[in-house]
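Residue-level structural notes
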Amino acid sequence: MLVTVAIDGPAAAGKSTIAKKVAEKLGYVYIDTGAMYRCVTLLALQKGVDPQDEKAVEQLLPEINIDMKPNHVVLLNGRDVSKDIRSRNVADNVSYIASYKNIRLFLVDLQRKLAKNVSVVMDGRDIGTYVLPDANVKIFQVASVATRAQRRYKENLEKGIKCTLEEVEEELKKRDYIDSHRSFAPLKQADDAYMLDTSYMTIDEVVTKVIDIIHMKIGEQNG
Ligand code: DC
């Protein structure tokens, strides 16, 4: 049986960490949809296109070719951009680009194709509500903004990115606001999603919980 698992939630809630581990344990393919929005943002920045100019960003679509390789390597027009898409400049601008309808339609089409013939764990903002509304399992993974800021701040320091905890928290609040207030496919919990607050959970606890939920849901669906 092909299984689709959708994990949605706000920035820095730990979705990709959990999705990767769950996919590894179950032998499913992990698909990071945020990386795709980041690729479009990176290309816009590289080409000197203003990320807040919707029409100009849309004009880049014909020259965008995104390929997701095993081991979480992301290729943009044949070049490995896995590191570049995590830069601060990309993070600061990606929410604008993710609010453009034509960009979303283009990437959603790619996401649906990738989930067609394999079991997947896909993480993002609109997977359970829009990309894969029939997903077998839907998780809405959240954590308090203070916890998310702490986690992202620690990650940044480890990567040598200079910032203060206050800056990280402000950035997260701004992204949460833009992601959940855009008109097309905003961040929101699907009616049939399981809400998981990870503020006080370890990574292993969350992974175990998600796998339990998957087994429970699949058991129910198989009658
Ligand atoms: O998960 P992330 O931080 O890599 O996501 C980057 C941005 O892309 C984030 O601001 C929200 C947006 N995004 C989205 O709108 N829909 C998705 N399915 C995935 C990400």
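Our subject in this report is the structure included herewith. It should be emphasised that the depicted structure is a prediction, and the values quoted were computed from it without experimental measurement.

When you go through the protein residue by residue, the secondary structure sums to nine helices and eight strands. In terms of overall dimensions, the protein is globule-like: its C-alpha atoms have a radius of gyration of 17 Å, near the 17 Å expected for 223 residues. Structurally, the protein occupies a C-alpha span of about 55 × 40 × 35 Å along its principal axes. A burial count over the protein gives 48% of its 223 residues as buried. Partitioning the intrachain contacts of the protein with sequence separation of at least 6 by distance along the chain shows that 75% fall at a separation of at least 24. When the accessible surface of the protein is summed, it comes to about 11200 Å², and 51% of that surface belongs to carbon and sulfur atoms. Charge-centre separation for the protein: the mean point of 32 positive side chains lies 2 Å from the mean point of 32 negative side chains.

Let's shift gears to the sheet that holds strand β3 (residues 66-69). Taking strand neighbours across the sheet as the criterion, the three strands line up as β3-β4-β5 in an open arrangement whose pairing is antiparallel. Only two strands of the sheet have a single neighbouring strand rather than two, namely β3 and β5 (79-80). In this sheet, β5 lies alongside strand β4 (residues 73-76) in antiparallel orientation, the contact comprising two bridges. The partner of Leu-76 across the bridge, within β5, is Arg-79. Contacts from helix α2 (residues 33-46) reach β3, β4 and β5 within the one sheet, and its direction differs from that of β4 by about 40°.

Another point: unusual backbone geometry. The backbone of Asn-71 shows a phi angle near 60°, a positive value even though the residue is not glycine. For Asn-71, the location among the structural elements is in the loop between β3 and β4. The class of Asn-71 is exposed, set by a relative accessible area of 69%. Even without a glycine there, the phi angle at Asn-77 is positive, about 45°. Its place among the elements puts Asn-77 in the loop between β4 and β5. Judged by its relative accessible area of 39%, Asn-77 is partly exposed.

The subject of this paragraph is the nonpolar core. Ile-64, Leu-76 and Ile-103 are the most contacted members of the largest nonpolar core, which totals 37 residues. Counting only elements with at least two residues in this core, the list comes to α2, β4, α4 (88-97), α5 (101-114), β6 (120-124) and α6 (127-131). With eight residues, the single largest contributor to this core is α2. Residue contacts for Leu-76: discarding those within four places in its chain leaves Cys-39, Leu-42, Leu-43, Ile-64, Asn-65, Ile-66 and Val-81.

For the rest of this paragraph, the subject is the site of the ligand. Close to the ligand lie 16 residues, the nearest being Arg-38, Arg-104, Asp-126, Arg-175 and Arg-182. A distance of 3.0 Å separates a nitrogen atom of the ligand from a polar side-chain atom of Thr-33. Measuring from an oxygen atom of the ligand, one finds a side-chain N or O atom of Arg-175 at 2.6 Å. Here the ligand loses 95% of its free accessible area of 450 Å² to cover by the protein chains. At the level of secondary structure, the elements contributing two or more residues to the shell around the ligand comprise α2, α4 and α8 (165-181). Here the shell around the ligand takes four residues from α2, the largest share from any one element. Tallied by class, the residues present in the shell around the ligand amount to four nonpolar, four polar and eight charged.

Quick notes on the rules
Residues numbered from 1 in each chain as written. Predicted model: local features only at pLDDT ≥ 70, side-chain atom pairs only at ≥ 80, totals over all residues. Heavy atoms only, no water. Helix = DSSP H or I, 4+ residues; strand = E, 2+ residues; numbered from the N terminus. Rg over C-alpha atoms; globule rule 2.2 N^0.38 Å. Buried < 20%, exposed > 50% of the residue type's maximum accessible area, 1.4 Å probe, protein only. Contact = heavy atoms within 4.5 Å. Areas by Shrake-Rupley, 256 points an atom, 1.4 Å probe, with all protein chains shown as cover. Lys, Arg positive; Asp, Glu negative; His and termini not counted. Charge placed at Lys NZ, Arg CZ, Asp CG, Glu CD. Pairing = 2+ DSSP bridges. Axes fitted to C-alpha atoms, helices over the stretch in contact; angles between N-to-C directions. Core = buried A, V, L, I, M, F, W, Y, C linked by side-chain atoms within 4.5 Å. Near = heavy atom within 4 Å. Polar contact = N/O pair within 3.5 Å; in protein donor to acceptor, adjacent residues only side chain to side chain. Nonpolar A, V, L, I, M, F, W, Y, C, P; charged D, E, K, R; others polar.

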